[in-house]
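Fold and contact review
Single-letter residue listing:
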Amino acid sequence: MDNRALTRAFKLTAQLMELHDENPFKIRAIEGTASALEALSFPVAEVERAGLPDRTGLSKTAAAKVAELLDTGTFSDLQRLLEITPPGVVEMLGIKGIGPKKIRSLWRELGIETAEQLREAAETDQVSKLKGFGKKTQEGILESLEFAGQSKGKLLYPQAEKLADELAQHLRDALKTEQVAVAGEIRRRLETVETVGLVAATEKPEEAHKLLSGLAGLVADPRRSGPFAWRGTATESGVQVEVLLVAPADFTTEVFLNSAAEAHLSEPLPGQSATLRQWARREKFQQEEALYEKAGLQFIVPELREGLGEIALAAEQKLPHLLEDGDLRGSLHNHSTYSDGNHSIREMATWLRDHNYQYLGLCDHSQAAHYANGLSVERVRQQHQEIDALNAELAPFRIFKGIESDILGDGSLDYPSEVLASFDFIVASVHSNLKMDEARATNRLLRAIENPYTTMLGHPTGRLLLRRQGYPINYKAVIDACAQHKVIIEINANPWRLDLDWRWVRYALDQGVQLSINPDAHHTNGYEDMRYGVLMGRKGHLTKEMTFNAKSVEEMAAYFEARKANITPPLEYKKSLFE
C-alpha cells in the first residue's frame with residue numbers, strides 16, 4: 001500500500017466520522033494523519049512498524065493505526081464506520097459538490113442510501129426542500145450524478161496502466177513467455193480508459209483463462225469470452241478487461257491491430273487501395289516498424305494512431321520527432337508550503353536539482369485563493385527574499401519567481417500591476433465561477449490573455465477527468481489570442497486534468513503557440529506526473545522545439561527578462577513594497 005492509498009483511507013475515515021457526527025476533535029486528528037502522510041516523501045510501507053512515530057512524526061496512536069492499515073488493509077476505526085454505513089452512502093461521499101453533512105441529511109431525513117435514489121429524489125424536487133439545500137444545490141447534484149454516470153467503469157490513464165502492467169506480469173509468469181503486450185486505449189495513451197486490453201501469445205489458451213478467472217479482483221464474463229479471448233470486469237473500478245490469446249506467430253500483427261483507432265486501420269493509404277489492416281493481414285510481421293516500411297510509411301508510434309491525419313504525414317515522411325521525457329529541463333507551476341503545497345521551496349528545488357533538472361518555477365496561489373492559503377502582498381515579499389537566498393546557495397540551479405494568479409470573474413488578474421511586475425512570470429488560471437456559459441468563459445480568458453503580465457495560461461478549462469466537466473470555451477478563439485499575445489499554454493500534467501486537451505495541441509502548434517508541460521506539483525512526488533503531460537503532448541505532435549520548459553535555464557531566464565522588458569506601456573511598480 002503506497003502513501004496515496006494510506007492517505008485516501010484516512011481521508012475516507014474522516015468523511016465517515018463527519019457523516020456520523022462524531023467528535024470533531026477526533027475528526028481533526030484523523031485529517032491531520034492524512035495530511036502528515038500526504039507530506040511524506042518516502043514510502044511509509046518500507047519503514048519498520050516500531051519506527052513509524054520517529055520516521056513519520058506521527059503520534060504513537062496515529063502510527064499504530066497506520067501500522068494496522070499497512071498490515072491488514074484496514075484499521076479498526078475505518079472498519080467500524082464501514083460496517084455501520086450502507087455501501088451506497090459511502091459511494092455518495094464521492095459526489096462532487098456535497099459533503100458528509102449534506103449526505104447525512106439526505107440519508108437520515110429522506111432515507112436515501114444509493115446514488116440512484118438520490119437522482120430520483122432530486123428529479124422529483126424532494127432534495128431542494130431539505131434545510132440547507134435549495135434549487136441550485138439540487139441542480140448541481142443532478143449534474144454531478146449525470147457526469148458520474150458517464151464516468152462509471154472508466155479509469156484514469158495511470159490507474160489503467162498500473163492494472164494492465166500487473167495483469168501482463170501475471171500472464172508472463174503463468175505462460176512462461178515474454179510475448180505479452182498491453183494494447184488498446186492504454187497503448188494509445190488515452191487520458192481515460194474504458195477497456196484494459198492485452199494481447200498474449202500462447203499455445204495453451206486454457207491456462208490463461210484459468211489464471212485470469214482465478215485472480216482476485218477480476219470477474220469473468222463467459223458470454224463475451226471465447227477460447228481465444230478472456231473478457232470480464234475489474235470489480236473495484238468496473239472497468240472492462242479484455243485479453244486476446246493468439247498464436248506466437250500472430251503476436252505482432254494482433255498487437256498492432258489492437259493498438260490503433262479504427263480510422264487509422266481502415267483509411268486507404270495515399271496512392272494505394274490497400275489499408276494498414278490489409279497490409280497487416282497480408283503477411284506476418286515480426287516488428288511493427290517493418291509493417292509501416294512495407295506500406296511505404298514513416299513509422300507511426302502508437303499514441304499517434306488515431307486517424308487524424310498522421311497517415312498523410314507519414315506518407316510524406318513529415319511526422320515530427322516527438323517530445324521525450326528527457327527533453328524537459330525544468331518544472332514550472334509548482335506549489336510550496338507558502339500556499340497549499342506539502343513541501344518547502346528548498347525541498348521542491350533540491351528534489352529537481354538532484355534529479356538533473358536545471359530550474360524550478362514556483363507558482364503558489366495568489367491572494368484571492370483563500371481556500372488554498374493564497375499569498376498576501378507581504379508574504380510575496382517574504383517568499384521572494386527566501387528565493388533570492390536559495391538561488392545564491394543552490395546556483396547554478398535556479399528558482400524562478402512565479403505565481404498562479406487567479407483570473408477573476410471579469411478576466412482581470414489577481415494583484416495590482418505593481419505586484420505582478422515583481423514576478424519573473426505569471427501563470428493565469430481560473431479557479432472560481434466555473435458555471436459561466438461559453439461566451440462569458442471565453443471572454444474572461446481572452447481578457448486575461450491580453451494582460452501584458454500573463455506569461456502562461458494554466459489548465460484552460462479547469463476540468464477534472466471523471467470528476468468534473470471543464471467549463472465550455474471557444475478553443476480556437478483562446479488559442480488564437482495566445483498566439484497573438486505570445487502567451488504559452490500549459491498542458492497540466494496532473495492525471496486528473498491533462499488540460500489543455502491533447503486534441504487541441506496540434507492546432508496550438510500550427511498557430512505557433514508554445515506548450516509547457518506543467519506538473520502543478522504540490523508534493524515532490526507530483527513531479528512524476530510530468531510523464532503524463534509528455535504523453536498527451538506527443539499525442540498532439542508536440543516537439544522539443546515547441547515545448548517551453550525544454551529550454552535551458554539560461555534560455556528561460558533570458559526569455560522572462562525579455563518579455564518583461566517588452567511590456568508596453570511600461571507599468572511602474574512601487575519598489576518600496578519589495579525592498
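Before reading further, recall that the structure is shown in the block above.
Anyway, here's the lowdown on the structure attached to this text. (Residues numbered from 1 in each chain as written. Predicted model: local features only at pLDDT ≥ 70, side-chain atom pairs only at ≥ 80, totals over all residues. Heavy atoms only, no water.)

1. Quick look at the overall build of the chain
When you go through the chain residue by residue, the secondary structure sums to 25 helices and 14 strands. Taken against the 2.2 N^0.38 rule, which gives 25 Å for 579 residues, the C-alpha radius of gyration of the chain at 26 Å falls within 12% of a compact globule. Projected onto the principal axes, the alpha-carbon positions of the chain cover approximately 75 × 65 × 55 Å. Within the chain, buried positions represent 53% of all 579 residues. The contacts of the chain with a sequence gap of at least 6 include a subset with a gap of at least 24, amounting to 68%. In the form shown here, the chain has an accessible surface area of approximately 26,400 Å², with 49% of it arising from carbon and sulfur atoms. Averaging the locations of the 68 positively and 83 negatively charged side chains of the chain gives two centres separated by 2 Å. (Helix = DSSP H or I, 4+ residues; strand = E, 2+ residues; numbered from the N terminus. Rg over C-alpha atoms; globule rule 2.2 N^0.38 Å. Buried < 20%, exposed > 50% of the residue type's maximum accessible area, 1.4 Å probe, protein only. Contact = heavy atoms within 4.5 Å. Areas by Shrake-Rupley, 256 points an atom, 1.4 Å probe, with all protein chains shown as cover. Lys, Arg positive; Asp, Glu negative; His and termini not counted. Charge placed at Lys NZ, Arg CZ, Asp CG, Glu CD.)

2. Describing the side chain of H343
You can see H343 is positioned in the loop between β8 (330-334) and α18 (345-354). A polar side-chain atom of H343 sits 3.1 Å from the main-chain carbonyl oxygen of A39. Beyond its immediate sequence surroundings of up to four residues, H343 is in contact with A39, L40, S41, S336, T337, M348, H522, H523 and T524. (Polar contact = N/O pair within 3.5 Å; in protein donor to acceptor, adjacent residues only side chain to side chain.)

3. What about the sheet that holds strand β13 (residues 488-492)?
As summarised here, the arrangement of the seven strands in space is β8-β9-β10-β11-β12-β13-β14, forming an open sheet in which the pairing is parallel. Strand pairing shows two members of the sheet lacking a second neighbour, β8 and β14 (515-518), which therefore form its edges. Of the strands in this sheet, β8, β9 (359-365) and β10 (398-406) touch α18, which is tilted by about 150° from β9. (Pairing = 2+ DSSP bridges. Axes fitted to C-alpha atoms, helices over the stretch in contact; angles between N-to-C directions.)

4. Points about the environment of L413
Checked against the element boundaries, L413 lands in the loop between β10 and α20 (417-420). Taking the C-alpha atoms as reference, L413 lies 9.8 Å from A368; in sequence the two are 45 residues apart. For L413, the contacting residues outside a window of four places in its chain are S405, D406, I407, L408, L420, I426, A428, A448, N451 and T454.

5. Brief notes about the pattern of salt bridges
For the coordinates displayed, the defined rule picks out 33 salt bridges. Across the salt bridge formed by R463 and D501, the nearest N and O atoms sit 2.9 Å from each other. Note that R463 is positioned in the loop between β12 (456-457) and α22 (475-485) and D501 in the loop between β13 and α23 (505-510), a separation of 38 residues in sequence. Taking the relative accessible area as the measure of exposure, D501 reaches 10% and is therefore buried. (Salt bridge = Lys/Arg side-chain N within 4 Å of Asp/Glu carboxyl O.)

6. Section: the packing of helix α21 (residues 438-450) against α22
Between α21 and α22, the least distance of the axes is 9 Å, while the angle of their chain directions is 10°. Classified by the angle between their axes, α21 and α22 sit roughly parallel to one another. Along the contact surface, α21 presents T442, L445, L446, I449 and E450, while α22 presents A477, V478, A481, C482 and H485. A class-by-class count of the residues in the contact of α21 with α22 yields seven nonpolar, two polar and one charged. (Parallel < 35°, antiparallel > 145°, perpendicular 65-115°, else oblique. Nonpolar A, V, L, I, M, F, W, Y, C, P; charged D, E, K, R; others polar.)

7. Details of the pairing of β14
Side chains of β14 alternate between two faces, with L515 and I517 and S516 and N518 buried alike. One ladder, built from four bridges, connects β13 with β14; its direction is parallel. Among the inter-strand pairings, N492 is bridged to a residue of β14, identified as N518. In this view, the connection linking β13 to its parallel neighbour β14 by way of α23 has right-handed handedness. (Right-handed = clockwise from strand over helix to strand, strands pointing away.)

8. Let's talk about the packing of helix α1 (residues 3-19) against helix α5 (residues 76-83)
Between α1 and α5, the least distance of the axes is 10 Å, while the angle of their chain directions is 50°. The orientation of α1 with respect to α5, classified from their angle, is oblique. α1 and α5 meet at a crossing whose hand is left-handed. Packed against α1, whose contacting residues are A9, L12, T13, L16 and M17, the element α5 presents D77, L78, L81 and L82 at the interface. Residue composition of the contact of α1 with α5, by class: seven nonpolar, one polar and one charged. (Left-handed = near helix turned anticlockwise from the far one by under 90°.)

9. A short note on the sheet that holds strand β4 (residues 195-201)
The mixed open sheet is built from five strands, whose spatial order is β2-β4-β7-β6-β5. The sheet is open, and its two borders are formed by β2 (180-183) and β5 (218-220), each paired with just one other strand. Taking each pair of neighbouring strands and ignoring which way they run, the sheet shows an average axis angle of 25°. Relative to β4, β2 runs antiparallel, the two sharing four bridges.

10. Describing the pairing of β8
Counting buried positions along β8 yields five of five residues, so the element is predominantly enclosed. Summarising the sheet, β8 and β9 pair through three bridges and their orientation is parallel. Each residue of the ladder has a partner; that of G330, found in β9, is Y359. You can see the chain leave β8, run along α18 and come back into β9, and the turn it takes is right-handed.

11. What to know about the packing of aromatic side chains
Per the stated rule, a full pass over the model turns up 14 aromatic pairs. Here Y292 and F299 contribute two aromatic rings whose centre-to-centre distance is 5.5 Å and whose plane-to-plane angle is 85°, an arrangement assigned as edge-to-face. For Y292, a relative accessible area of 0% corresponds to the buried category. With a centroid separation of 5.7 Å and 70° between ring planes, the pair formed by Y359 and F400 is classed as edge-to-face. Remark: F400 occurs in strand β10 and Y359 occurs in strand β9; sequence separation between them is 41 residues. For the pair Y359 and F400, a shared accessibility class is recorded, and that class is buried. Three or more aromatic residues joined by ring pairs form one cluster here, namely Y359, F400, F425, F548, Y559 and F560. (Phe/Tyr/Trp six-rings, centres within 6.5 Å; stacked < 30°, edge-to-face > 60°.)

12. Quick word on the nonpolar core
Counting residues in each nonpolar core, the largest one holds 95 residues, and the members touching the most others are L171, V196, L198, L360, I399 and I517. Filtering out sequence-adjacent residues up to four positions away, I399 remains in contact with I345, A349, L360, L362, I387, L390, N391 and L394. Counting residues in each nonpolar core, the second largest holds 44 residues, with L6, I95, I98 and F133 among its members. (Core = buried A, V, L, I, M, F, W, Y, C linked by side-chain atoms within 4.5 Å.)

13. Focus on the environment of H333
If you trace the backbone, H333 turns up in strand β8. Accessibility expressed as a relative area gives 0% for H333, which makes it buried. Sequence spacing of H333 and S516 is 183 residues, and the spatial spacing of their C-alpha atoms is 9.5 Å. Apart from the residues within four sequence positions on either side, H333 is in contact with G361, C363, E404, V427, H459, E490, N492, N518, P519, D520 and A521. Of the polar contacts made by the side chain of H333, one reaches the side chain of E404; its length is 3.1 Å.

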